[in-house]
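Structural features, examined
So you can see what is in the structure, the chains are spelled out below.
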Amino acid sequence: MIAVSGDVVSFVCQATGDPKPRVTWGEKGKRVNSQRTETIEFDEGAGAVLRIQPIGVPRDETIYECVAENSEGKISAQAKLSIITEDVLPAGFPKIHKGPQLKVVQLTDMAIMWCTASGNPKPEITWFKDFLPIDLNTSNGRIKQLKSGFLQIKNAEETDQGKYECVASNVEGVQYSKASNLYVAPLTFARNVPPRFSILPTSHEIMPGGSVNITCVAVGSPMPYVKWMLSSEDLTPEEEMPVGRNVLELHDVQKSANYTCVAMSGLAIIEAVAQIIVMSLPKPPGTPVVTETTSTSITITWDRGNPETVSYYMIQYRAKSPESKFETVESITTTRYSIGGLSPNTDYEIRVSAFNTIGQGPPSEPVEARTGEQAPASPPRNIQARIISQNTMMVRWDEPEKPNGQIKGYRVYYTMDPSEVKSMWQIHNVQDSVITTIQSLEPLRTCTIRVLAFTSVGDGPFSDPIHVKVLQGVPGQPSNFQVGEVSDTSVQLTWEPAFEKEGIISYELYYKEGIQGPEVKTTFGPPSSHVVEGLRANTEYYFSLAAVSNKGIGAFTNEISQRTSQASVFGDKVKSVSVMEGDSVILHTYTDILRYNLIEWWFGDQQYLIARINREANSPRIYDDVLDGRFKDRLKLNTETGDLTIKNFKAQHIGDYKLEMFSEKITTKTFSISVFGDEVKSVSVMEGDSLTLHTDTKIQTDDLILWRFGDQQDRIVKLNKEANTIRIYADVLDGRFRSRLKLNTDTGDLTIINITTQHTGDYKLEINGEKIIKKTFSVRVSVDTDKRKAVMLGDSVTAHDVANIKAN
């Protein structure tokens, strides 16, 4: 669209769908938000008009996007606005010579609204009523546009009353007429009727220097003149006094006043008053006063600081560190509040702002407070032990990641018999150091060691046990023993030597199939990685490692476990399939299934059986009750071809579908199905683990990031990078997310700590910036009844697994 600077333009967007879509307008990926723009929605059907008045260069010369969205999907369309000035108009640019004029007709009479225009090529004339396009097809011929461009309205009705404007457009550009009112008077107007107000002026509250329009409409027979007055001063010149309707435009208003609308005819004079109240933003509240602190909360009070009415208060707080962002607590109606969910032993900066009907006032002076200490929340890290003489060992460690206060010291627990209860272990206390020596050990035996840290409040959790053989010159227990790459027949193991220059000549590895399986021993050279091969597919294995020197073998590591991958068939490829959410998808076997005795369809990483054809028993079966019934009434199995149909496909059905066909050999195929549209990622996580949902997006300084959860799309986290604020809605949904949510303010990544089954559901990410990005993470939390960890009586157990999930 091409238009002249200072004029008005309207962009029209309509859409259909079931359910009826919601239509919105945006500019550069953001919602349109300006005092010069207005979005008018259609009364019936799905659609909206974006109206910009007045337009200017370069602020409005851009691409506008219309987005239609419902629960089934989203579509968009774009339009570009080009703006030229009066002095460079092309010769054929459309020009309206005479537009519609104020008109009053009686019910059932005919009304003609004028519009004449010129241009090359000849411009097309269209009409708008109350800023919405007029659909001539809905009036059954009662309203039509004449060849001249005039708008003819037969048998006028009350619904025809409104503001009309005509639009002239051709390839050179578009021009809008001034809008004029059509009034439809009742038949009783054939008699003399005194004036009355059909639209009374309304009162407003505005900020100092603000602008406001006040509309006043009166009817009668004859139609009355309408003017505005301030006290005894006429604001409407007599020669410009309109009939029926008068809009008072006020700018840069600095003080409150009463404005009077006067409607007059030869029969009567009537008045109505609108009050304009100039309100300023509230003043800053008094500096908050800290009245109580605990290890996880700070309670503050503050003075109102405002003689006028305050609607509510907002608290902003952040930890005193360069990278921390303000978190927000809103809608506080008292002058005392306790901020919970804080980190122990941390300095915080807190400030308070007041809100009234105008908006948010400036914040108070900040107050600083420190939360109290707690026992450490994590154990000491990187525990290492080394024998330095016949019966003496050196133990060293790093301080806890979460000390929760000033560490007063450490307790080193050690024993030669780890089956003993903890109270029977030897205890060695250490202060002001992260290294110590322990003497009088029994030579040639293996010592088990665990370390904890303590503050003035209490003891923290134990570290995982490490082991050391009491024999000088024997290597220490390998550290960071973990699993690398995994296949269906092999597992890679990696580690680091406990100390440098230990004279390691080889390593000894024990592994077994399952907890009760026979142990297999293997020895290999000194590199710090090893691949165990010849394993069975889809089987859990347990591994333990020790280093060997010329002096002997050292202590073995704690067992670690790993399940091998599902077996694959040579030549088998994964087929990627994309489907629109809500559609059906058919997975074809493309195989003569008469050659196979058994055909099975499996779903997901955990391999849930969802369909089977047993040809010998002639018994096809659908297992649609697995996984909380997500496939209920959605699966259809073709017994002649083996094809599987999934109907009404949703995000929770995203994943891998594996086909296995059994005869003398096994043939497999895998279909990886995704939903195109908004990005969706299916995530499975075990109860008790932590889960990080990654945005995989570079966050910009003006981005607004929202995380929502569940079918009702409850907001759980909001990050406003431009305002440098973060808010966690921990109390939604009965508080199930309280003290469990962490947001990375640099990346927008969301972490759910100690996840439980009640956190199963869809997590929707929306990033609003230069463009709008949406992603959905469909999270499924499972309880692993088979996973066990052997502990000693009196021990504590810590789940260390953290799942980092990225949307592909």
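In case you missed it, the structure is sitting above this.
Residues numbered from 1 in each chain as written. Predicted model: local features only at pLDDT ≥ 70, side-chain atom pairs only at ≥ 80, totals over all residues. Heavy atoms only, no water.

1. Re the overall build of the chain
Secondary structure assignment for the chain yields zero helices and 69 strands. The C-alpha atoms of the chain give a radius of gyration of 38 Å, which is well past the 28 Å a tight globule of 808 residues would have. The C-alpha extent of the chain, read off along each of the three principal axes, is 120 × 80 × 50 Å. Within the chain, contacts between residues separated by at least 24 positions form 62% of all contacts whose residues are at least 6 apart in sequence. In the form shown here, the chain has an accessible surface area of approximately 42,200 Å², with 46% of it arising from carbon and sulfur atoms. Both charge centroids of the chain, one from 85 positive and one from 100 negative side chains, sit 1 Å from each other. (Helix = DSSP H or I, 4+ residues; strand = E, 2+ residues; numbered from the N terminus. Rg over C-alpha atoms; globule rule 2.2 N^0.38 Å. Contact = heavy atoms within 4.5 Å. Areas by Shrake-Rupley, 256 points an atom, 1.4 Å probe, with all protein chains shown as cover. Lys, Arg positive; Asp, Glu negative; His and termini not counted. Charge placed at Lys NZ, Arg CZ, Asp CG, Glu CD.)

2. Quick look at empty space enclosed by the protein
Within this structure, the stated rule accounts for one cavity of 30 Å³ or more. Put simply, the largest cavity is a space of about 30 Å³. Lining the largest cavity are Tyr 510, Tyr 511, Lys 512, Glu 519, Tyr 542, Phe 543, Ser 544 and Glu 559. Elements represented by at least two residues in the lining of the largest cavity include exactly strand S45 (504-513) and strand S48 (540-549). Considering only residue class, the lining of the largest cavity consists of four nonpolar, one polar and three charged. (1 Å grid on protein atoms, 1.4 Å probe; cavity = no way out; pocket = protein on both sides within 12 Å on 5 of 7 lines; lining within 4 Å. Points joined across faces, edges and corners; volume = space filled by probe spheres on them. Nonpolar A, V, L, I, M, F, W, Y, C, P; charged D, E, K, R; others polar.)

3. Side note on the pattern of salt bridges
Going through the model one piece at a time under the given rule, you end up with 18 salt bridges. We note a salt bridge from Lys 129 to Asp 130, for which the minimum N-O separation is 3.3 Å. The partner of Arg 318 in a salt bridge is Glu 349, with the nearest N and O atoms 3.5 Å apart. Here Arg 318, found in strand S31 (residues 312-319), pairs with Glu 349, found in strand S34 (residues 347-355); they are 31 residues apart in sequence, far enough to count as distant. Among the charged side chains, a salt-bridge network with shared partners connects Arg 142, Glu 157 and Asp 160. (Salt bridge = Lys/Arg side-chain N within 4 Å of Asp/Glu carboxyl O.)

4. A closer look at the pairing of strand S32 (residues 326-332)
Taken together, the four bridges between S31 and S32 define a ladder with antiparallel strand orientation. Of the residues in S32, the one forming a bridge with Gln 316 is Thr 328. Turn length for the S31-S32 hairpin, with the two strands adjacent in sequence and antiparallel, is six residues. Bridge count between S32 and strand S64 (residues 725-728): two bridges; the pairing is parallel. Its bridge partner being in S64, Phe 326 is matched across the sheet by Thr 725. (Pairing = 2+ DSSP bridges.)

5. Points about the sheet that holds strand S30 (residues 298-301)
What the three strands build is an open sheet, ordered S29-S30-S33; its pairing is antiparallel. Each of the sheet's edge strands pairs with one partner strand only, and the pair in question is strand S29 (289-293) and strand S33 (336-339). Geometrically, the sheet is characterised by an average inter-axis angle of 25° between neighbouring strands, direction not taken into account. Note that S29 and S30 share four bridges and pair antiparallel. Directly across from Thr 293, in S30, lies its bridge partner Ile 298. (Axes fitted to C-alpha atoms, helices over the stretch in contact; angles between N-to-C directions.)

6. Digging into the side chain of Thr 756
Residue position: Thr 756 is located in the loop between strand S66 (750-752) and strand S67 (761-768). By relative accessible area, which is 15% here, Thr 756 ends up buried. Once residues lying within four places of it in the same chain are set aside, the contact partners of Thr 756 are Glu 687, Arg 740 and Val 781. (Buried < 20%, exposed > 50% of the residue type's maximum accessible area, 1.4 Å probe, protein only.)

7. Here's the deal with the environment of Cys 66
Counting through the fold element by element, Cys 66 comes out in strand S7 (residues 63-70). Residue class for Cys 66 comes out buried when judged on its relative accessible area of 3%.

8. Brief notes about the environment of Ile 767
With respect to the element layout, Ile 767 can be found in strand S67. Under the relative-accessibility criterion, Ile 767 is labelled buried at 2%.

9. Side note on the state of the cysteines
Summed over all chains, the structure comprises three disulfides. Note that Cys 13 is cross-linked by a disulfide to Cys 66, the S-S spacing being 1.9 Å. Taking the torsion about the S-S bond as the criterion, the Cys 13 to Cys 66 disulfide, at about -70°, is left-handed. Within this pair, whereas Cys 13 is found in strand S2 (residues 9-15), its partner Cys 66 is found in strand S7, the two being separated by 53 residues in sequence. The disulfide partner of Cys 115 is Cys 166, and the gap between their sulfur atoms is 2.1 Å. Given an S-S torsion of about 75°, the disulfide between Cys 115 and Cys 166 has right-handed geometry. In this pair, Cys 115 sits in the loop between strand S12 (111-113) and strand S13 (116-118) while Cys 166 sits in strand S18 (residues 162-170), placing the two residues 51 residues apart along the sequence. A single burial state applies to Cys 115 and to Cys 166, both of which are buried. Sequence-ordered numbering of the bonded cysteines in the chain yields a pairing of 1-2, 3-4, 5-6. (Disulfide = S-S within 2.5 Å.)

10. Brief notes about the sheet that holds strand S16 (residues 143-145)
Across the sheet, three strands lie side by side as S12-S17-S16; this open sheet has antiparallel pairing. Where the open sheet ends on each side, the last strands, each with one partner, are S12 and S16. Geometrically, the sheet is characterised by an average inter-axis angle of 15° between neighbouring strands, direction not taken into account. Bridging between S16 and strand S17 (residues 151-153) involves three bridges; their strand directions are antiparallel.

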